[in-house]
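Residues per chain, in single letters:
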Amino acid sequence: MSRGSGGGYDRHITIFSPEGRLYQVEYAFKAVKAAGITSIGVRGADSVCVVTQKKVPDKLLDQTSITHLFPITKYLGLLATGMTADARTLVQQARNEAAEFRFRYGYEMPVDALARWIADKSQVYTQHAYMRPLGVVAMILGIDEEKGPQLFKCDPAGHFFGHKATSAGGKEQEAINFLEKKMKNDPAFSYEETVQTAISALQSVLQEDFKASEIEVGVVRKEDPVFKVLSTEEIDEHLTAISERD
Amino acid sequence: MGDSQYSFSLTTFSPSGKLVQIEHALTAVGSGQTSLGIKAANGVVIATEKKLPSILVDETSVQKIQVLTPNIGVVYSGMGPDSRVLVRKSRKHAEQYYRLYKEPIPVTQLVRETATVMQEFTQSGGVRPFGVSLLVAGYDDKGPQLYQVDPSGSYFSWKASAMGKNVSNAKTFLEKRYTEDMELDDAVHTAILTLKEGFEGQISGKNIEIGVIGNDKIFRVLTSSEIEDYLQEVE
């Protein structure tokens, strides 16, 4: 006679449930949604753009200190959706790892190598009881020397995939449905189209028009492979272009 | 392995003598995507479904079939992240063997080491078993070999095997179609037909993966256009 719920611990630490699931990992995914932010990433022909909401819960807060967009190296960016504190430790470790890679091997850490490293670390937390999974979905962007613009997404379960476009957070599924329609025929977006697709996807899914101060936008471009966070003026230009187009 | 707080095994015996965590791990494998392997007279083929969560995923960034050594490849069913850990440990072990003996590691020994790792995770403190079953395909001095390793750490050599969602239909199909003197090409066709049996949707070179090793003893993953050619032959 097998016991029902594995002694009741299968919900507390990452051991298997009778259905072969890891509840702690599933709860980590829920924590990402609970943060109430949605993020979008789009890969164009020669650029990658990520967009996320910038919610400042209190007017007394210094908005410049609130960010989910982190440079990992000069050429790699990371957009963290979910629990901010978990995101910060992840970013700190990722920065360290990327710097060590550059020192050890003499060339910049490629996007997929960083994504794989983050995913492997997340997998360890799903298998060892002493650490819980991080409540963060990380989108990594950069220009790969051989493969061109790359966008990877890593989740608490340790999965990582390259994406043509993707989303994370509260309205993830709606955003993915929107993006699937847009990217169905493998369009080769220019830089402006890439940024505008990302921003308009977010606007459509959240059903509101944003001001430049309410979103964060990060880009990498083949012609300038440095990871850049757009300023409010640059965001404004794109927002205006979108509203004029519609 | 594990923190001192968790110096006790999480996988313990139930009153009926079962290790339920391993059973649950096997359930996780059983809900994974179907994969299979066939040992032919002159080689081995392994194959798997490659269903991605969305069309937005770049399928060129995903490769489920992995090379462990130039003459050994592996495919999994179950939790992808767990398989990456095993692939890394196996590769390292193979490399250490080569460094010590200046000879490529025999398939049986690599399988045994991988299985040992999986068994350790069913008994060590503070860890859970791996949620994957592996099919290891290799060709060494003893000829073509196919092994299946389960989350418990037990492994067997198979003439043909399947794992994952459609395992019972796939195995029945393989039992009917398997012959001892099959050639590698026939085995690839049979593998494709077996995958087709339980496939939801339209099978193509982009949503399955096939790895082969022949008399040349070089394991390689077929490109999607090579798979398309085989698919046309099978139509």
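Residues numbered from 1 in each chain as written. Chains lettered and ligands numbered in written order. Predicted model: local features only at pLDDT ≥ 70, side-chain atom pairs only at ≥ 80, totals over all residues. Heavy atoms only, no water.

Naming follows an unreviewed UniProt entry, where chain B appears as Proteasome subunit alpha type of Sesamum alatum. What UniProt states about chain B under its Function (unreviewed entry) heading is, verbatim, "The proteasome is a multicatalytic proteinase complex which is characterized by its ability to cleave peptides with Arg, Phe, Tyr, Leu, and Glu adjacent to the leaving group at neutral or slightly basic pH. The proteasome has an ATP-dependent proteolytic activity." (UniProt positions renumbered as here; feature names shortened; annotations may be inferred.)

Naming follows an unreviewed UniProt entry, where chain A appears as Proteasome subunit alpha type of Sesamum alatum. Quoted verbatim from the Subunit (unreviewed entry) field of UniProt, the annotation for chain A is "The 20S proteasome core is composed of 28 subunits that are arranged in four stacked rings, resulting in a barrel-shaped structure. The two end rings are each formed by seven alpha subunits, and the two central rings are each formed by seven beta subunits."

Student: What is the right way to read the UniProt feature "domain: Proteasome alpha-type subunits" (unreviewed entry) in chain B from this model?
Tutor: When the UniProt feature table is mapped onto this chain, "domain: Proteasome alpha-type subunits" (unreviewed entry) is found at residues 6-28 of chain B. Secondary structure across residues 6-28 of chain B comprises 39% helix and 0% strand; the distance between its end C-alpha atoms is 24 Å. (Helix = DSSP H or I, 4+ residues; strand = E, 2+ residues; numbered from the N terminus.)

Student: Which parts of the structure should I look at to understand the sheet that holds strand E1 (residues 35-40) of chain B?
Tutor: Think of a sheet as strands paired side by side through backbone hydrogen bonds, with each pair either parallel or antiparallel. Residues and elements named next belong to chain B. Taken in spatial order, the 5 strands line up as E8-E1-E2-E9-E10 in an open sheet, and their pairing is antiparallel. The open sheet is flanked by strand E8 (160-163) and strand E10 (219-221), the only strands paired with a single partner. Taking the axes of each pair of neighbouring strands and ignoring which way they run, one obtains an average angle of 10° across the sheet. As judged from the 6 bridges shared by E1 and strand E2 (residues 43-49), these two strands associate in the antiparallel manner. Looking at E2, one finds that Ala40 is bridged to Gly43. The strands touched by helix H4 (residues 167-177) are E1 and E8; relative to E8, the strand with the most contacts, the crossing angle is about 165°. (Pairing = 2+ DSSP bridges. Axes fitted to C-alpha atoms, helices over the stretch in contact; angles between N-to-C directions. Contact = heavy atoms within 4.5 Å.)

Student: Just checking my understanding: could you explain the nonpolar core for this structure?
Tutor: Nonpolar side chains tend toward joint burial in soluble globular proteins. Grouped together as the largest cluster of nonpolar side chains are 28 residues, with contacts concentrated most on Ile40(A), Val42(A), Val51(A), Ile199(A), Ile215(A) and Val217(A). Counting residues per element, the ones that place at least two in this core are strand E1 (38-43), strand E2 (47-53), helix H4 (172-182), helix H5 (191-206), strand E9 (215-221) and helix H6 (232-245) of chain A. Per element, the largest residue contribution to this core is 8 residues, and it comes from H5(A). Sequence-distant contacts of Val217(A), defined by excluding residues within four places in its chain, comprise Cys49(A), Val50(A), Val51(A), Leu69(A), Val195(A), Ile199(A), Lys228(A), Val229(A), Leu230(A) and Ile235(A). Judged by nonpolar contacts, the second largest core, of 27 residues, contains Val45(B), Ala160(B), Leu184(B) and Ile192(B). (Core = buried A, V, L, I, M, F, W, Y, C linked by side-chain atoms within 4.5 Å. Buried < 20%, exposed > 50% of the residue type's maximum accessible area, 1.4 Å probe, protein only.)

Student: What am I meant to see in the side chain of Gln148(B) here?
Tutor: All names here are of chain B. Within the secondary structure, Gln148 is located in strand E6 (residues 143-149). A relative accessible area of 9% means that Gln148 is categorised as buried. A distance of 3.2 Å separates the side chain of Gln148 from the side chain of Asp150, its partner in a polar contact. A distance of 2.5 Å separates polar atoms of two side chains, one belonging to Gln148 and the other to Ser161. In contact with Gln148, not counting residues within four places along its chain, are Ser133, Leu134, Leu135, Ser154, Tyr155, Phe156, Trp158, Ser161, Ala162 and Met163. (Polar contact = N/O pair within 3.5 Å; in protein donor to acceptor, adjacent residues only side chain to side chain.)

Student: What should I look at first to understand the packing of H4(B) against helix H5 (residues 184-197) of chain B in this one?
Tutor: Relative orientation and spacing of two packed helices are given, respectively, by the angle between their axes and the distance between those axes. All names here are of chain B. At a minimum axis distance of 9 Å, the contact between H4 and H5 shows a crossing angle of 150°. In the crossing of H4 with H5, the sense of the turn from one axis to the other is right-handed. Here Ala170, Phe173, Leu174 and Arg177 of H4 lie close against H5, whose contacting residues are Thr190, Leu193, Thr194 and Glu197. (Left-handed = near helix turned anticlockwise from the far one by under 90°.)

Student: Mind showing me how you'd approach the pattern of salt bridges here?
Tutor: Pairing between side chains of opposite charge can happen when their charged atoms approach one another. All names here are of chain B. This model, assessed by the stated rule, comprises 22 salt bridges over all chains. For Asp82, the salt bridge is made with Arg128, and the minimal N-O distance between the two is 2.8 Å. One end of the pair, Asp82, is in helix H2 (residues 80-101); the other, Arg128, is in the loop between helix H3 (107-120) and strand E5 (132-140), and 46 residues separate them in sequence. For Asp82, a relative accessible area of 0% translates into the label buried. (Salt bridge = Lys/Arg side-chain N within 4 Å of Asp/Glu carboxyl O.)

Student: Please clarify how unusual backbone geometry should be interpreted in this entry.
Tutor: What you tend to see is this: most non-glycine residues have negative phi, and most peptide bonds are trans. Residue and element names in this part refer to chain A. In the Ramachandran plot, Asp186 falls in the positive-phi region, its phi being about 50° despite a non-glycine side chain. Mapped onto the elements of the fold, Asp186 is located in the loop between H4 and H5. With a relative accessible area of 52%, Asp186 lands in the exposed category.

Student: Looking at this structure, how should I read the state of the cysteines?
Tutor: All names here are of chain A. Taken as a whole and assessed by the stated rule, the structure comprises 0 disulfides over all chains. Here Cys49 is not disulfide-linked; the sulfur of Cys154 is the nearest cysteine sulfur, at 18 Å. Using a relative accessible area of 0% as the deciding quantity, one classes Cys49 as buried. (Disulfide = S-S within 2.5 Å.)

Student: Looking at this model, I keep getting lost on a nonpolar patch on the surface. Mind explaining?
Tutor: Residue and element names in this part refer to chain A. On the surface, Val124, Tyr130 and Met131 cluster together into a nonpolar patch covering about 230 Å² of accessible area. By the element assignment, Tyr130 lies in the loop between helix H3 (111-127) and strand E5 (136-144). Of the residues examined, Tyr130 reaches a relative accessible area of 36% and is grouped as partly exposed. (Patch = residues over 30% accessible without salt bridge, like charges linked within 9 Å, V, L, I, M, F, W, Y side chains within 5 Å. Areas by Shrake-Rupley, 256 points an atom, 1.4 Å probe, with all protein chains shown as cover.)

Student: Would you explain empty space enclosed by the protein in this entry?
Tutor: Any empty space left between the atoms is revealed when a probe the size of a water molecule rolls over them. All names here are of chain A. The final tally for this structure, using the stated rule, is 1 cavity of 30 Å³ or more. Its boundaries defined by the atoms lining it, the largest cavity holds a volume of some 40 Å³. Lining the largest cavity we find Leu90, Ile118, Ser122, Leu134, Val136, Ala138, Cys154 and Asp155. For the lining of the largest cavity, the elements supplying multiple residues, two or more each, are H3 and E5. Partitioning the lining of the largest cavity into residue classes produces 6 nonpolar, 1 polar and 1 charged. (1 Å grid on protein atoms, 1.4 Å probe; cavity = no way out; pocket = protein on both sides within 12 Å on 5 of 7 lines; lining within 4 Å. Points joined across faces, edges and corners; volume = space filled by probe spheres on them. Nonpolar A, V, L, I, M, F, W, Y, C, P; charged D, E, K, R; others polar.)

Student: Just checking my understanding: could you explain the interface of chain B and chain A for this structure?
Tutor: When the parts of a complex come together, some accessible area is lost, and that lost area is often taken as the interface size. Facing the 36 residues of chain B at the interface are 36 residues of chain A. Buried surface at the junction of chain B and chain A, summed over both partners, amounts to about 3,100 Å²; 60% is from carbon and sulfur atoms. Summed over the three residues of chain B that lose the most area to chain A, namely Leu56(B), Arg84(B) and Arg128(B), the buried surface amounts to 24% of that side. The tally of links between chain B and chain A comes to 3 salt bridges. Residue Arg84(B) is joined to Asp120(A) by a salt bridge in which the shortest nitrogen-to-oxygen separation is 2.6 Å. Summed over the shared surface of chain B and chain A, the result is 14 residue pairs in polar contact (both at pLDDT 80 or more). Tallied by class, the residues present in the side of chain B that touches chain A amount to 19 nonpolar, 10 polar and 7 charged. (Buried area = accessible area lost by both parts, 1.4 Å probe.)

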